[in-house]
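Single-letter residue listing:
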Amino acid sequence: MTSQPVKSLVVPAHPHPLLAPEKNEGWGKIRKAYDNAREIIEQTDADVLVIYSTLWPSIIGHQIQAHPNPEWVLVDPDFHDLGSIPYQIRVDTELAEAWHQANQNRGLESRKVAYDGFPIDVGSVVACKLLNPDNRLPVVICSSNVYANRAETTVLAKSCLDAINSLGRKAIAVSIMSLSNRMFTTPIQPHDDHIHSAKDDEWNLKILEFLGAGRLEDVAQLSRTIHHQIRVQKVVAFKPMWWLSSMNQHRNNLTGEVLGYEPIHGAGAAVVVLDPTSSGQGDKEYDEDSIETFAGDRDVLGERKDQDSVESEDRSSHTQHPELWEPTDTHTSVNSHEAPKPVGAYPHARREGNILYLSGVGPRQPGTSQIPGGAIKDADGKAVDYDIKAQTRAVVSNIEKILHEAGASLENIVDVTTFLIDMDRDFKGYNEVWAETLGVYGPTRTTIAIKALPTPIAVEMKVVARFGDD
Amino acid sequence: MAEGQIVAGLLAPHPPHLVYAENPPQNEPTSEGGWEQLRWGYERLRKSLEDVDYDCIVILSPHWQTYVGTHFLGLERFESLSVDPIFPNLFRFKYDVSVDVELSKAIHDHAKEDGMAVKMMENPDFRIDYGTITSCHMIRPEWDKPIVSISSNRGHAYYSVEVMQEMMIQLGKATRKAILESGKKCVIVASNSLSHRHFTTESEVPEDMSVEHISSHAMHLWDMRMIELMRSGKSQQIVNEMPEFVEQAIAESDGGALTWMLSVLDMPDEPAILHGYGTIIGTGNAIMEWPSRNWRENS
Ligand SMILES: [Fe+2]
């Protein structure tokens, strides 16, 4: 079972609670809420703060701060008259590296940044100073890519969880963001501060009502609406709740507590703590899926596909499958809810002594039957372009889930037989992903070309694993 | 006191790649070159300004982004390290900049009189944005002229391109008035690219020119259209087409610099000189000069 963060936090972005809590009652209250959140963190056994900051935009992929000890004196570009913020931050460089690797494994463009004087954003600095004075915990900070949308941001959280789990960290997840982000465009006196409009205020209260009830995924699913209703469109999408909800496995029954909600120069500033303990509320139905690997957004600017063909490709990846079966259940079978359902009467895996035999595993996603990287043909059976690397990554991810269910991991694999439907086209890409993933653990491998597979996929693997010495 | 003068208006884009490729001593990362078309364009610009006498560079960069009005640097000297947040691998530049606080304050005061929200930036720890540093370095690597650095108010994000342009036209008029009253000779710099769709990946060797090209044909068409309008002195048409340009080419002129500069030059009908055009990580960049010192009705 993949673990969730010990706690998840929503905290505001502006420097007022740090630099001028005495100047306005609301700013002081946010400062108190920050202090309260700090105490809550101190009572946990967390060993790292993982920060996603909406104030750190990136263009070349997702950037992860990897300098062991960033140090600077920060001045806010707007609120420079409130004073300077000297900071020194302790970074968990091992986790930064692991997250960076995990991003790449899941198809994301990723970069580490480790440069003296790198401009860490004001939101991250304020959060580190207030939640983690004296650097009691190390932190990892990730940027908010300007071109990323929901799929990419969802996967970014999953790779973060991969990294946290692989190192056995206990993490606090922190999303730095305003709720409504419309500020006053002229200087104001501190005592005149209020939420910019009644509409912004109502939306903020609705969001906080949901978060207070632990309905994080509901807020994430509302992100596009929130973006249009109460966000100044500085970037193309409102992303932080996608990240935070994916960090919490899209759950809607967390336990939430709103520690503070006040205006900062007109914007909605809130401190919220979410706990993985179930609130007992039922989960909602979602209309957006939770993908595992990123295989690119739809190529809307490309010349290869028009809207129709994109749609038919989408349709094909949902509809072309044979009937799905419940995995066969016997006393030695191993079946996982996280893996795609079989297309016949067989289990996901079967354990014989200390050997685990897996049924052939493809890239198909559980629940949605989507194929990362796209199906190999459309609804009319016409061949379409697909990404073999994304498909191969998804196969590995499905294998990992089945092994996980059996209490094993990729390291336990001893032998793999791979079936490709187009050796000439796909061997190279498949082989690259292999080298980055399974190849690291050194199982034996045989790759053969075959005419077809039962679903519109290009790669399938047959895996044998062995448990530790017994 | 003689009336001040605007000796030139410039469109001077600021991708740090250009500084990186020239390997000046102030910048830590080193390269094998690259983006020569643009760097030689800046060379032609420098040549053009070589014998021109001026006191100050007045620059507006989209990378000092302010949401609460327009801000002006208000201390005489800033010295620090500028690290590009997007390309920290290319740009870690030690700068030492002097500011013409008197002129800065005069523009601030005029804008304030005209009802704009303005603020002087007087915190000595403030770090000057990398756009300002890059454009100023490429224009005048000697760093011997004081600058006036003006923030980019995000009127576009808050309202629309139209509202942003109204604000920038007003700011341009205040800037012009202050300069003419000051008796100083100034170069006006709009620090921005044209089309601004980036690649989302970078090649192993950033200066590998075999992968550099415009991000799409549509972006190229927009860039050429805008350059042609500038070359034929159609300032008002540029302003008129700006909303479409910003939307369709994700143009960096959304920060207001280009509109402001044209307004400081009083929406010139005279043609601008193209010193160079090239792409940087997919974005379109033109180096242009409006040699207003040579115009009959001198600005
Ligand atoms: Fe820029």
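Residues numbered from 1 in each chain as written. Chains lettered and ligands numbered in written order. Predicted model: local features only at pLDDT ≥ 70, side-chain atom pairs only at ≥ 80, totals over all residues. Heavy atoms only, no water.

1. Thoughts on the overall build of chain B
Looking only at helices and strands, chain B has nine helices and ten strands in total. Relative to its length of 299 residues, chain B is compact, with a C-alpha radius of gyration of 18 Å against a globular reference of 19 Å. Dimensions of chain B, computed from C-alpha atoms along their principal axes, come out at roughly 55 × 40 × 40 Å. Counting only contacts in chain B whose residues sit at least 6 apart along the sequence, the fraction spanning at least 24 positions is 80%. (Helix = DSSP H or I, 4+ residues; strand = E, 2+ residues; numbered from the N terminus. Rg over C-alpha atoms; globule rule 2.2 N^0.38 Å. Contact = heavy atoms within 4.5 Å.)

2. Examining the nonpolar core
One finds Leu 9, Val 11, Tyr 34, Leu 49, Leu 131 and Val 174 of chain A to be the most contacted residues of the largest nonpolar core, which totals 53 residues. Contacts of Val 11 of chain A, omitting those with residues within four sequence positions, involve Tyr 34, Ala 127, Leu 131, Val 174, Ser 175, Ile 176, Met 177, Ala 270 and Val 271 of chain A. Membership of the second largest hydrophobic core comes to 51 residues, among which are Ala 111, Val 148, Ile 150 and Cys 186 of chain B. (Core = buried A, V, L, I, M, F, W, Y, C linked by side-chain atoms within 4.5 Å. Buried < 20%, exposed > 50% of the residue type's maximum accessible area, 1.4 Å probe, protein only.)

3. Some words on helix H6 (residues 161-182) of chain B
Counted at 1.5 Å a residue, the expected span for H6 of chain B with its 22 residues is 32 Å, and the 31 Å between its end C-alpha atoms agrees. Directly after H6 of chain B, the chain includes Gly 183 of chain B, whose backbone phi takes a positive value near 80°. (Expected span 1.5 Å × (residues − 1).)

4. Things to note about the interface of chain B and chain A
The interface of chain B with chain A comprises 37 residues on the first partner and 38 residues on the second. Across the chain B to chain A interface the summed buried area is about 3,200 Å²; carbon plus sulfur atoms make up 59%. Summed over the three residues of chain B that lose the most area to chain A, namely Val 68, Ile 86 and Tyr 158 of chain B, the buried surface amounts to 21% of that side. Between the two partners, chain B and chain A, sit two salt bridges. Lys 119 of chain B serves as the salt-bridge partner of Asp 81 of chain A, at 3.4 Å between the closest nitrogen and oxygen. Run the count over chain B and chain A and you get 19 residue pairs in polar contact (both at pLDDT 80 or more). Going through the elements one at a time, strand S2 (56-66), strand S4 (77-83), strand S6 (118-121) and helix H5 (155-158) of chain B are the ones with two or more residues in the side of chain B that touches chain A. By residue class, the composition of the side of chain B that touches chain A is 18 nonpolar, eleven polar and eight charged. (Buried area = accessible area lost by both parts, 1.4 Å probe. Salt bridge = Lys/Arg side-chain N within 4 Å of Asp/Glu carboxyl O. Polar contact = N/O pair within 3.5 Å; in protein donor to acceptor, adjacent residues only side chain to side chain. Nonpolar A, V, L, I, M, F, W, Y, C, P; charged D, E, K, R; others polar.)

5. Let's talk about the environment of His 196 of chain A
Residue and element names in this part refer to chain A. Looking at the secondary structure, you find His 196 in the loop between strand S8 (171-176) and helix H6 (198-212). Overall, the relative accessible area of 30% leaves His 196 in the partly exposed class. Taking C-alpha positions, His 196 is 8.1 Å from Pro 263, a pair spaced 67 residues apart along the chain. In contact with His 196, other than residues within four places in its own chain, are Arg 182, Met 183, Phe 184 and Gly 266.

6. Overview of the packing of aromatic side chains
Applying the stated criterion across every chain yields a total of eleven aromatic pairs over all chains. Between Tyr 158 of chain B and Tyr 159 of chain B, the aromatic rings sit 6.2 Å apart at their centres with planes inclined by 50°, giving tilted as the arrangement. Using a relative accessible area of 3% as the deciding quantity, one classes Tyr 158 of chain B as buried. Note on Tyr 159 of chain B: relative accessible area 45%, which makes it partly exposed. Here a set of aromatic residues connected by ring pairs shows up, and it is made of Tyr 52, Trp 99 and Trp 243 of chain A. The positively charged end of Lys 145 of chain B is found above the aromatic ring belonging to Tyr 54 of chain B, 4.5 Å away from the centroid. Directly above the aromatic system of Tyr 147 of chain A lies the positively charged group of Arg 197 of chain B, at a separation of 4.0 Å from the ring centroid. (Phe/Tyr/Trp six-rings, centres within 6.5 Å; stacked < 30°, edge-to-face > 60°. Lys NZ or Arg CZ within 6 Å of the ring centre and 35° of its normal.)

7. Focus on the state of the cysteines
The final tally for this structure, using the stated rule, is zero disulfides over all chains. There is no disulfide at Cys 160 of chain A, and the cysteine sulfur nearest it, in Cys 142 of chain A, is 7.9 Å away. With relative accessibility at 2%, the residue Cys 160 of chain A sits in the buried group. Cysteine Cys 56 of chain B remains unbridged, with the sulfur of Cys 186 of chain B as its closest cysteine sulfur at 4.8 Å. Cys 56 of chain B sits in the buried class, given a relative accessible area of 0%. (Disulfide = S-S within 2.5 Å.)

8. Concerning the coordination of the iron ion
Residue and element names in this part refer to chain B. Every protein donor of the iron ion is listed here as His 14 (NE2), His 63 (NE2) and Glu 252 (OE), and their distances to the metal cover 1.9 to 2.1 Å. For the iron ion, the donor residues sit on a single chain with the sequence spacing H-x48-H-x188-E. Here the residue His 14 occupies a position in the loop between strand S1 (5-11) and helix H1 (16-22), and Glu 252 occupies one in the loop between helix H8 (235-249) and helix H9 (257-264), the gap between them amounting to 238 residues. For His 14, a relative accessible area of 3% translates into the label buried. (Donors = N, O, S within 2.8 Å, 3.2 Å for Na, K, Ca; no water.)

9. What about the packing of helix H5 (residues 150-167) of chain A against helix H9 (residues 240-247) of chain A?
All names here are of chain A. At a closest axis distance of 8 Å, the pairing of H5 and H9 adopts a crossing angle of 40°. By the angle class used here, H5 and H9 are oblique. In this structure, the crossing between H5 and H9 has a hand that is right-handed. Listed contacts from H9 to Arg 150, Thr 153, Thr 154, Leu 156, Ala 157, Lys 158, Cys 160, Leu 161 and Ile 164 of H5 are Trp 242, Trp 243, Ser 246 and Met 247. Residues that form the contact of H5 with H9 fall into these classes: eight nonpolar, three polar and two charged. (Axes fitted to C-alpha atoms, helices over the stretch in contact; angles between N-to-C directions. Parallel < 35°, antiparallel > 145°, perpendicular 65-115°, else oblique. Left-handed = near helix turned anticlockwise from the far one by under 90°.)

10. Overview of the pairing of strand S7 (residues 139-145) of chain A
Residue and element names in this part refer to chain A. Taken across its seven residues, S7 has seven buried, putting it largely inside the fold. In the sheet, strand S2 (residues 48-58) pairs with S7 via six bridges, with the strands oriented parallel. In the sheet register, Leu 49 faces S7, and the bridge partner there is Val 139. (Pairing = 2+ DSSP bridges.)

11. Description of the domain arrangement of chain A
Annotation of chain A at the domain level lists domain 1 (7-275) and domain 2 (307-466). If you average the C-alpha positions of domain 1 of chain A and of domain 2 of chain A, the two centres end up 36 Å apart. (Domains from an automatic or database assignment.)

12. Observations concerning a negative patch on the surface
Residues and elements named next belong to chain B. Judged by side-chain charge, Glu 162, Glu 166, Glu 244 and Glu 247 come together as a negatively charged surface patch. Of all elements in the fold, only H6 and H8 reach the threshold of two or more residues within the negative patch. Looking at the element boundaries, Glu 162 is found in helix H6. For Glu 162, a relative accessible area of 45% corresponds to the partly exposed category. (Patch = residues over 30% accessible without salt bridge, like charges linked within 9 Å, V, L, I, M, F, W, Y side chains within 5 Å. Areas by Shrake-Rupley, 256 points an atom, 1.4 Å probe, with all protein chains shown as cover. Lys, Arg positive; Asp, Glu negative; His and termini not counted. Charge placed at Lys NZ, Arg CZ, Asp CG, Glu CD.)

13. A short note on the pattern of salt bridges
Tallied over the entire structure, the rule returns 38 salt bridges over all chains. Salt-bridge contacts for Glu 209 of chain A lead to Lys 206 of chain A; the nearest nitrogen and oxygen are separated by 3.2 Å. With Glu 209 of chain A and Lys 206 of chain A both in helix H6 and three residues apart, the pair spans about one turn of that helix. Arg 140 of chain B is the partner of Glu 142 of chain B in a salt bridge, and the nearest nitrogen-oxygen pair spans 3.6 Å. Residue Arg 140 of chain B is classed as buried on the basis of its relative accessible area, which comes to 17%. In the salt-bridge network here, residues are joined through shared partners; they are Arg 31, Asp 35, Arg 38 and Glu 42 of chain A.

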